[in-house]
Amino acid sequence: AQSVTQLGSHVSVSEGALVLLRCNYSSSVPPYLFWYVQYPNQGLQLLLKYTSAATLVKGINGFEAEFKKSETSFHLTKPSAHMSDAAEYFCAVFNFGNEKLTFGTGTRLTIIP
Amino acid sequence: DSGVTQTPKHLITATGQRVTLRCSPRSGDLSVYWYQQSLDQGLQFLIQYYNGEERAKGNILERFSAQQFPDLHSELNLSSLELGDSALYFCASSVDPSGNTIYFGEGSWLTVV
């Protein structure tokens, strides 16, 4: 079965600094990978997804993620953090066995003014 | 706005009681998913319906049940509530049953006292 591990339950960056949220996956087959964002008191919103096309995936709000098979990683980045990026971010992998999304434990991103 | 509507947004009830959470999927989506998000368990898949039929079960307790109606809205019934059932319950929907891209509602906060 596929799984994802998010490194760092809390990440703080200064406004304007690079955002890097880490996600590593485990999968015996080419994975489908996703990043979701959850703003305070809201549901999960799809940021971007990788489904075996281009390895660099661009999402909403200036975020992007790069699929690196050699590193089994799918880290989320944004060049310049904005205060509005403060949220919880979830990496997820599509589990082909039960056709369900399996979510990581989440990373809470705090932006320092 | 994902287009997935959940009611109620907040609910406080006593132990032993029964509640019903309601979900309307995005227009055109045939598949509905229920997830539970709690501090200690993270985001857990509960159950999926596709076009009125149960398609997959996850970590759903026997005290919980769900159904999807002919108009495609879904209800999650939680009975004999315990303090540990306090959580954020999400509904999500997708157009097909594969579940590789799903859209979440804003959730229903359940507090059991």
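Residues numbered from 1 in each chain as written. Chains lettered and ligands numbered in written order. Predicted model: local features only at pLDDT ≥ 70, side-chain atom pairs only at ≥ 80, totals over all residues. Heavy atoms only, no water.

Asks: For the overall build of chain B, give the residues involved together with the corresponding values.
Replies: Counting its regular elements, chain B contains zero helices and 11 strands. Starting at the N terminus, the α and β elements of chain B follow one another as β-β-β-β-β-β-β-β-β-β-β. For 113 residues, the compact-globule estimate of 2.2 N^0.38 gives 13 Å, and the C-alpha radius of gyration of chain B, at 13 Å, lies within 12% of that figure. Over its C-alpha atoms, taken along the principal directions, chain B stretches across nearly 35 × 30 × 25 Å. The proportion of buried residues among the 113 residues of chain B is 50%. Looking at chain B alone, contacts between residues at least 24 apart form 54% of all its contacts between residues at least 6 apart. As presented, chain B carries roughly 5300 Å² of accessible surface, and 48% of it is formed by carbon and sulfur atoms. (Helix = DSSP H or I, 4+ residues; strand = E, 2+ residues; numbered from the N terminus. Rg over C-alpha atoms; globule rule 2.2 N^0.38 Å. Buried < 20%, exposed > 50% of the residue type's maximum accessible area, 1.4 Å probe, protein only. Contact = heavy atoms within 4.5 Å. Areas by Shrake-Rupley, 256 points an atom, 1.4 Å probe, with all protein chains shown as cover.)

Asks: Describe the pairing of strand E8 (residues 73-78) of chain A, listing the residues and the values that go with them.
Replies: All names here are of chain A. Among the six residues that make up E8, five are buried, leaving the element largely enclosed by the rest of the structure. Relative to E8, strand E3 (residues 19-26) runs antiparallel, the two sharing four bridges. Looking across to E8, one finds that Leu21 is bridged to Leu76. Both strand E7 (residues 64-68) and E8 contribute to a ladder of five bridges, which runs antiparallel. Counterpart to Phe67 in the pairing with E8 is Phe74. Linking two consecutive strands that pair antiparallel, namely E7 and E8, is a turn of four residues; a positive phi of about 45 degrees is found at Thr72 within it. (Pairing = 2+ DSSP bridges.)

Asks: Tell me about the environment of Phe69 of chain B, and name the residues and values.
Replies: All names here are of chain B. Its location among the elements puts Phe69 in the loop between strand E7 (64-68) and strand E8 (74-78). Judged by its relative accessible area of 23%, Phe69 is partly exposed. Distance from Phe69 to Tyr49, taken between C-alpha atoms, is 9.8 Å for residues 20 residues apart in sequence.

Asks: Residue-level account of the interface of chain B and chain A, with values.
Replies: If you look at the interface, chain B gives 20 residues, while chain A gives 16 residues. Approximately 1500 Å² of surface area, both sides summed, lies buried where chain B meets chain A, with 56% of it carried by carbon and sulfur atoms. Counting the surface chain B buries against chain A, the share from its top three residues, Leu43, Asn100 and Phe104 of chain B, is 32%. Our count for the contact surface shared by chain B and chain A stands at zero salt bridges. Listing elements by their share of the side of chain B that touches chain A, those giving two or more residues are strand E4 (31-38), strand E5 (42-50), strand E6 (53-57) and strand E9 (87-94) of chain B. (Buried area = accessible area lost by both parts, 1.4 Å probe. Salt bridge = Lys/Arg side-chain N within 4 Å of Asp/Glu carboxyl O.)

Asks: Residue-level account of the state of the cysteines, with values.
Replies: Joining two cysteines, a disulfide is a covalent bond between their sulfur atoms. Residues and elements named next belong to chain B. What the rule picks out here adds up to two disulfides over all chains. Linked covalently through their sulfurs, Cys23 and Cys91 form a disulfide whose S-S length is 1.8 Å. Sign of the S-S torsion, about -60 degrees for the bond between Cys23 and Cys91, identifies this disulfide as left-handed. Of this pair, Cys23 sits in strand E3 (residues 19-24) while Cys91 sits in strand E9, placing them 68 residues apart in sequence. The class of Cys23 is buried, set by a relative accessible area of 0%. Residue Cys91 is classed as buried on the basis of its relative accessible area, which comes to 0%. (Disulfide = S-S within 2.5 Å.)

Read these as layout, nothing more, since geometry by itself doesn't imply function.
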